[in-house]
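Coordinates in review
Read off the chains here:
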Amino acid sequence: MKYYVLASGSRGNCTAIVNDNNEILLIDCGISILDIKKRMNQVGLDFENIKKVLITHMHVDHVKSLRAFDMKDVYINVDTQMEEANLFDYYDVLDILGFKILTLPASHDSAGTTGFLIEYNNEKMAYITDTGYIHENIQKLINNCDIYCIESNHDPRLLMLTKRPMYLKNRILSANGHLSNQDCSYVLGNVLGPSSKEIMFLHRSQEANSEEMVLQTFKSTMEKMSVDISNINIMIAKQDAVVCNEDNKIVN
């Protein structure tokens, strides 16, 4: 499955998934249209090939440029009450541009926050970001996927050392907040299987995390859980650069 994370983090999130006809399904549009076009151009994608937009939730870092798209091409959870868009409920199965998509409940402080299990060309991708935890029932559904695009937002200790107000720290740490490195790694240890070949860590905090901490926590957790990751390609999405799964390529 060909995909490009155009941006990931608290200042904006956007991922382009491309089918065999070069049609693009955009997951979230939390950066400006200018930035979407610029970053797509950097990796040879045509903005005009964006045919549909799939939204995880309504926080601005995921929907900044939503109104620039025709709402008849937008898919979003019914709890958002955006009647002009295509509405789905949890556990619906969508067919968008040939992608078969199961909608999964996430735990976040925005109505209708949704994760996705995406199937295409005999591959499965779990796409889950902005969630305080991942329920064991969801873990069963995303077991043994080929690709995991999953939030690894913060290190709890580093978060507590930041100068952020306590209410914000508590929000991030809550069950309706963001997935920590430790919790993300534990979930992956539970769900990785023989088919799993790729992990893209999403939504890393710039202040309360680092790429080194994401990798160190993940690798140490896998060692403790006796999970073999030797054949898995590991990537970390960036806020200001495109990361695509073709040869682990980063485009600034």
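Residues numbered from 1 in each chain as written. Predicted model: local features only at pLDDT ≥ 70, side-chain atom pairs only at ≥ 80, totals over all residues. Heavy atoms only, no water.

Details of helix H6 (residues 181-191)
The periodicity of an α-helix, 3.6 residues per turn, causes residues three or four places apart in sequence to face the same way. Along H6, the residues that are buried comprise Asn181, Cys184, Ser185, Val187, Leu188, Gly189 and Val191. Where H6 is buried, its residues meet helix H3 (136-141), strand E11 (147-151), strand E12 (198-202) and helix H7 (211-224). (Buried < 20%, exposed > 50% of the residue type's maximum accessible area, 1.4 Å probe, protein only. Helix = DSSP H or I, 4+ residues; strand = E, 2+ residues; numbered from the N terminus. Contact = heavy atoms within 4.5 Å.)

Examining the environment of Asp61
Tracing the chain through its elements places Asp61 in helix H2 (residues 60-63). With 32 residues separating them in the primary sequence, Asp61 and Cys29 have C-alpha atoms 7.8 Å apart. With residues near it in sequence (within four places) discarded, Asp61 still touches Gly9, Ser10, Arg11, Gly12, Asn13, Gly30 and His203.

Let's talk about the packing of H6 against H7
Between H6 and H7, the least distance of the axes is 9 Å, while the angle of their chain directions is 40 degrees. In terms of orientation, H6 and H7 fall into the oblique class. Where H6 crosses over H7, the two elements pack in a sense that is right-handed. Within the contact between the two elements, H6 uses Asn181, Gln182, Ser185, Tyr186, Leu188 and Gly189 and H7 uses Met213, Val214, Thr217, Phe218, Thr221 and Met222. For the contact of H6 with H7, the residue count by class is six nonpolar, six polar and no charged. (Axes fitted to C-alpha atoms, helices over the stretch in contact; angles between N-to-C directions. Parallel < 35°, antiparallel > 145°, perpendicular 65-115°, else oblique. Left-handed = near helix turned anticlockwise from the far one by under 90°. Nonpolar A, V, L, I, M, F, W, Y, C, P; charged D, E, K, R; others polar.)

Thoughts on the sheet that holds strand E7 (residues 93-96)
Taking strand neighbours across the sheet as the criterion, the seven strands line up as E7-E8-E9-E10-E11-E12-E13 in an open arrangement whose pairing is mixed. Pairing within the sheet leaves two strands with one partner each, and these edge strands are E7 and strand E13 (233-236). With direction set aside, neighbouring strand axes in the sheet form an average angle of 20 degrees. Both strand E9 (residues 114-120) and strand E10 (residues 123-128) contribute to a ladder of five bridges, which runs antiparallel. Within E10, the position partnered with Tyr120 by the bridge is Glu123. Taken strand by strand, H6 contacts E11 and E12, and its axis lies near 160 degrees from that of E11. Running over the sheet, H7 touches E12 and E13 and is turned about 145 degrees from E13. (Pairing = 2+ DSSP bridges.)

Details of the packing of aromatic side chains
Summed over the entire model, instances satisfying the criterion amount to four aromatic pairs. Where Phe47 meets Phe69, the ring centres are 6.1 Å apart and the plane angle is 35 degrees; that geometry is what we call tilted. Of this pair, Phe47 sits in the loop between helix H1 (33-42) and strand E4 (50-54) while Phe69 sits in the loop between H2 and strand E5 (74-77), and the two are 22 residues apart along the sequence. For the pair Phe47 and Phe69, a shared accessibility class is recorded, and that class is buried. Ring geometry for Phe88 and Phe116: centres 6.2 Å apart, planes at 75 degrees, overall edge-to-face. Here Phe88 is found in strand E6 (residues 86-88), whereas its partner Phe116 is found in strand E9, with 28 residues between them in sequence. On the basis of relative accessible area, Phe116 is assigned to the buried category, the value being 0%. (Phe/Tyr/Trp six-rings, centres within 6.5 Å; stacked < 30°, edge-to-face > 60°.)

Section: the pattern of salt bridges
As enumerated under the stated definition, the model contains ten salt bridges in all. Across the salt bridge formed by Arg39 and Asp240, the nearest N and O atoms sit 3.9 Å from each other. One end of the pair, Arg39, is in helix H1; the other, Asp240, is in the loop between E13 and strand E14 (242-244), with 201 residues separating them in the sequence. Its relative accessible area of 10% is what places Arg39 among the buried residues. Overlapping salt bridges bring together Lys52, Asp70, Lys72 and Asp73 as one network. (Salt bridge = Lys/Arg side-chain N within 4 Å of Asp/Glu carboxyl O.)

Digging into the side chain of Thr113
Mapped onto the elements, Thr113 comes out in the loop between strand E8 (99-105) and E9. We classify Thr113 as buried; its relative accessible area is 1%. Every residue in contact with Thr113, bar those within four places of it in the chain, is listed here: Thr56, His57, Tyr90, Leu104, Pro105, Ala106, His108 and Asp130.

Re a nonpolar patch on the surface
A cluster of nonpolar side chains, contributed by Met160, Met166 and Leu173, occupies part of the molecular surface with about 250 Å² of accessible area. Here Met160 lies in helix H4 (residues 156-161). A relative accessible area of 35% means that Met160 is categorised as partly exposed. (Patch = residues over 30% accessible without salt bridge, like charges linked within 9 Å, V, L, I, M, F, W, Y side chains within 5 Å. Areas by Shrake-Rupley, 256 points an atom, 1.4 Å probe, with all protein chains shown as cover.)

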